[in-house]
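# Overview (structure and organization)
These are the residues of each chain, in order.
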Amino acid sequence: MLFSVLVETRLRPGIADPQGHTIERSLPHLGFEGISEVRVGKAFRFSLEAADEATAQAHADEVTRRFLINPVIEDADVTITVAEPA
Amino acid sequence: MATRVGVVLFPGSNCEHDVVEAVRGLGGEAEILWHADKDLHGVDAVVVPGGFAHGDYLRPGAIARFSPIMESVTAFAGDGGPVVGICNGFQVLTEAGLLPGALQKNAGLKFLCAMATLRVETTDSPLTSEAAVGDELRIPINHFEGNYTCDAETLAMLRAEDRVVVRYVDNPNGSVDGIAGVCNEGRNVVGLMPHPERASHALLGSTDGQVMLRSILAAGRVAAG
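Description of the structure in this document. This is a predicted model, so every value here is computed, not measured. (Residues numbered from 1 in each chain as written. Chains lettered and ligands numbered in written order. Predicted model: local features only at pLDDT ≥ 70, side-chain atom pairs only at ≥ 80, totals over all residues. Heavy atoms only, no water.)

### Focus: the overall build of chain A
- Within chain A, the secondary structure is distributed over 2 helices and 3 strands.
- Each helix and strand of chain A, placed in order from N terminus to C terminus, yields the pattern β-α-β-α-β.
- Computed over its C-alpha atoms, the radius of gyration of chain A comes to 17 Å, more than 25% above the 12 Å expected for a compact globule of 86 residues.
- If you line up chain A on its principal axes, its C-alpha atoms span 50 × 30 × 15 Å.
- Relative to its 86 residues, chain A shows a buried fraction of 28%. (Helix = DSSP H or I, 4+ residues; strand = E, 2+ residues; numbered from the N terminus. Rg over C-alpha atoms; globule rule 2.2 N^0.38 Å. Buried < 20%, exposed > 50% of the residue type's maximum accessible area, 1.4 Å probe, protein only.)

Shown next, in the form of structure tokens:
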């Protein structure tokens, strides 16, 4: 089965986020009010061939933990969906 | 016999020849170690130099840590061999799990290329054995992601175990506790963001890096027996 994987990463709570901080400070100057707790992360999208959803989830979790994030400073959410047949 | 220092070359490293020249200038031998080889050629010490290994894609050091030579560097470090990571090399060693913590974007979100003053905090490391605690060394920095970070427990451990090797006198990048360099539990692996090889000759504006390079050579001599 072919799965679509979305990995969204962000800096862990407590880790300073200089980009998020800079964006947040600039928002009021641009007229955007009421926005707080801006955190900047990355998103990875890829396709994954696996026997079933549980296997796909395990593979995607493994590649995320070992490679896509640095667990010292980053967290990630891994979302798996069955890819639509072409 | 002169101490032999191996300098790892990844695609995108750019300070390897500076380190080689600086080591040779102090009477050591130096050779380049290609990242795709596993052979350390029997060197007495390893330096992972600065640059942008593998383009710094994904994160600095994230891809370099999977280069074949890192298996050998990890084994060498595990046997007590002296390993020093400079700048991007520090990032590689943290990604490889040889050093605690991580380097993230500078607090001011600016690439910093400037002279920094470092305070030597311990002499029990292959980078500072020839210096004295409290020495202030002028060593240049050249980085965008040099903001050292770690969790509170790790920081407490680093302090308690005297593993902060050098601190910035004026913290330029937001590093936690002003940390410029740390060592591992075995004290044979050190990483620092500043570039001692760029302060190794009067023509470069400072010779304060020589004491660090001499320390690496001394550690190599001890390791060689």
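### So, the overall build of chain B
- Scanning chain B for helices and strands turns up 5 helices and 11 strands.
- Residues counted as buried form 58% of the 225 residues belonging to chain B.
- Mean positive and mean negative side-chain charge positions of chain B (16 and 27 charges, respectively) differ by 3 Å. (Lys, Arg positive; Asp, Glu negative; His and termini not counted. Charge placed at Lys NZ, Arg CZ, Asp CG, Glu CD.)

### Overview of the nonpolar core
- One finds Phe10, Val46, Val73 and Met212 of chain B to be the most contacted residues of the largest nonpolar core, which totals 64 residues.
- Ignoring sequence-local partners within four residues, the contact set of phenylalanine 10 of chain B consists of His35, Val48, Ala53, His54, Ala64, Ser67, Ile69, Met70 and Val92 of chain B.
- Grouped together as the second largest cluster of nonpolar side chains are 10 residues, Ala50, Ala56, Leu68 and Ile80 of chain A included. (Core = buried A, V, L, I, M, F, W, Y, C linked by side-chain atoms within 4.5 Å. Contact = heavy atoms within 4.5 Å.)

### Digging into the packing of aromatic side chains
- If you walk through the whole model with that rule in mind, you get 2 aromatic pairs over all chains.
- Judged by centre distance (5.5 Å) and plane angle (75°), the ring pair of phenylalanine 67 of chain A and phenylalanine 66 of chain B falls under edge-to-face. Within this pair, whereas phenylalanine 67 of chain A is found in helix H2 (residues 53-68), its partner phenylalanine 66 of chain B is found in the loop between strand S3 (45-48) and helix H2 (68-78), the two belonging to separate chains.
- Residue classification places phenylalanine 67 of chain A among the partly exposed residues on the basis of a relative accessible area of 27%. (Phe/Tyr/Trp six-rings, centres within 6.5 Å; stacked < 30°, edge-to-face > 60°.)

### A short note on the interface of chain B and chain A
- Across the boundary between the two partners, chain B contributes 15 residues, which contact 16 residues of chain A.
- It is Leu58, Arg59 and Gln104 of chain B that lose the most area in chain B upon contact with chain A, and together they represent 41% of the buried surface on that side.
- Inspection of the chain B/chain A interface yields 1 salt bridge.
- Residues arginine 59 of chain B and glutamate 74 of chain A are paired through a salt bridge, measuring 3.8 Å at the closest nitrogen-oxygen approach.
- For the pair chain B and chain A, the number of links is 7 residue pairs in polar contact (both at pLDDT 80 or more).
- For the side of chain B that touches chain A, the class distribution of residues is 7 nonpolar, 4 polar and 4 charged. (Buried area = accessible area lost by both parts, 1.4 Å probe. Salt bridge = Lys/Arg side-chain N within 4 Å of Asp/Glu carboxyl O. Polar contact = N/O pair within 3.5 Å; in protein donor to acceptor, adjacent residues only side chain to side chain. Nonpolar A, V, L, I, M, F, W, Y, C, P; charged D, E, K, R; others polar.)

### Looking at unusual backbone geometry
- Positive phi values are uncommon outside glycine, yet glutamate 37 of chain A reaches one of about 55°.
- With relative accessibility at 72%, the residue glutamate 37 of chain A sits in the exposed group.
- Positive phi values are uncommon outside glycine, yet histidine 54 of chain B reaches one of about 55°.
- Position of histidine 54 of chain B relative to the elements: it lies in the loop between S3 and H2.

### A short note on the sheet that holds strand S1 (residues 2-11) of chain A
Residues and elements named next belong to chain A.
- With respect to topology, 3 strands assemble into an open sheet ordered S2-S1-S3, the strand pairing being antiparallel. Strands at the two margins of the open sheet, each flanked by one partner only, are strand S2 (41-49) and strand S3 (74-82). Pairwise comparison of adjacent strand axes, ignoring direction, gives a mean angle of 20° for this sheet.
- Bridging between S1 and S3 involves 9 bridges; their strand directions are antiparallel. Paired with valine 7 across the two strands is valine 78, which belongs to S3.
- Each of S1, S2 and S3 touches H2; the most contacted strand, S3, lies at about 155° to it. (Pairing = 2+ DSSP bridges. Axes fitted to C-alpha atoms, helices over the stretch in contact; angles between N-to-C directions.)

### A closer look at the side chain of histidine 143 of chain B
Residues and elements named next belong to chain B.
- You can see histidine 143 is positioned in strand S7 (residues 136-143).
- Histidine 143 sits in the buried class, given a relative accessible area of 3%.
- Not counting residues up to four positions away in its chain, the partners in contact with histidine 143 are Cys87, Asn106, Lys110, Phe111, Leu112, Tyr168, Asn173 and Met193.

### So, the side chain of glutamate 121 of chain B
Residues and elements named next belong to chain B.
- With respect to the element layout, glutamate 121 can be found in the loop between strand S6 (112-120) and S7.
- For glutamate 121, a relative accessible area of 16% translates into the label buried.
- Among the polar contacts made by the side chain of glutamate 121, one reaches the side chain of arginine 119 at a distance of 2.5 Å.
- Among the polar contacts made by the side chain of glutamate 121, one reaches the side chain of arginine 167 at a distance of 3.3 Å.

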